[in-house]
Amino acid sequence: MRFVLERVSEPDIEPITAAEFVRNVGEFDVAATTRADDITRLITAAREWAEHDTGRALIDQSWRLTITDGVGALYDPVQKPPPVGYYTGQTGPRVGEILLMRSPVLSITSFVTVDAAGDETAIDPTTYELREQDSKWPRLVGLDGTTWGTGTFRIVFRAGYANRAASPVEDATSVPDRFKQAILLHAEAHYDRDEKMMQRLLDAAEALISPERCHFGLG
């Protein structure tokens, strides 16, 4: 079994703003107010770091999971203990289940099979169910004994703590504070900090998100 997980749409906002960053590093840092673009890039990089390390999506975004050579347990059993701080529960779904690998899941946009010519055929939505969408292990489960065999399968889904399609629209206040603080620290570490201070800030950021880590075997 092979799979590719790729983000197909980016969040339209970040969990923290450049103004919040400036306040965090101290209003005395006047230079920060003239470097908004640089700061925004640091914030985006910090958010992507937090998402990659935890498998969490912070702001509404779309992902595409493509699976080839059949659907079953997506991962080989872990033969050695995962790194310290990683989630140590089940490493993959049972046969007939697909682990989505990003959470919390907001909705399934499409679930299709793909033939050799690249043509897609929708899978009947009454034959599967999204379960534990807010957990670290959101998954699609076949109903009434439905299983998926060989072939290529493609799932597009939305994930994020802040649902930008909700009414009213959710904003960064929906993102847990531990992520926002970790992003602030991570971004500050790369903002004109000496090596010693940089490492302290990165260690503090790491400590904040470590309870949220989920080991998907993605490297």
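Residues numbered from 1 in each chain as written. Predicted model: local features only at pLDDT ≥ 70, side-chain atom pairs only at ≥ 80, totals over all residues. Heavy atoms only, no water.

A.B. asks: What is the right way to look at the sheet that holds strand β4 (residues 105-114) in this model?
C.D. replies: Remark on secondary structure: sheet strands pair via backbone hydrogen bonds, oriented parallel or antiparallel. Taken in spatial order, the 5 strands of this open sheet run β1-β2-β8-β4-β5, and their pairing is antiparallel. Strands with a single pairing partner mark the edges of an open sheet, and in this sheet they are β1 (2-9) and β5 (120-122). Averaged over all pairs of adjacent strands, the angle between their axes in this sheet comes to 25°, without regard to strand direction. (Pairing = 2+ DSSP bridges. Helix = DSSP H or I, 4+ residues; strand = E, 2+ residues; numbered from the N terminus. Axes fitted to C-alpha atoms, helices over the stretch in contact; angles between N-to-C directions.)

A.B. asks: Hey, could you run me through the packing of aromatic side chains in this one?
C.D. replies: The geometry of an aromatic ring pair comes down to the distance between the two centres and the angle between the two planes. For the coordinates displayed, the defined rule picks out 3 aromatic pairs. Relative to Y191, the ring of F21 lies with its centre 5.2 Å away and its plane at 80°, an arrangement referred to as edge-to-face. A residue pair is termed long-range when its members are at least 10 positions apart, and F21 in helix α1 (residues 18-25) and Y191 in the loop between α3 (177-189) and α4 (195-209) qualify at 170 residues. The pair F21 / Y191 is uniform in exposure class, with both members buried. Aromatic side chains F111 and Y128 sit 5.0 Å apart centroid to centroid with 75° between the ring planes, which places their arrangement in the edge-to-face category. A residue pair is termed long-range when its members are at least 10 positions apart, and F111 in strand β4 and Y128 in strand β6 (residues 128-131) qualify at 17 residues. For the pair F111 and Y128, a shared accessibility class is recorded, and that class is buried. Over the ring of W63 we find R102, and its NZ or CZ is 4.6 Å from the ring centre. (Phe/Tyr/Trp six-rings, centres within 6.5 Å; stacked < 30°, edge-to-face > 60°. Buried < 20%, exposed > 50% of the residue type's maximum accessible area, 1.4 Å probe, protein only. Lys NZ or Arg CZ within 6 Å of the ring centre and 35° of its normal.)

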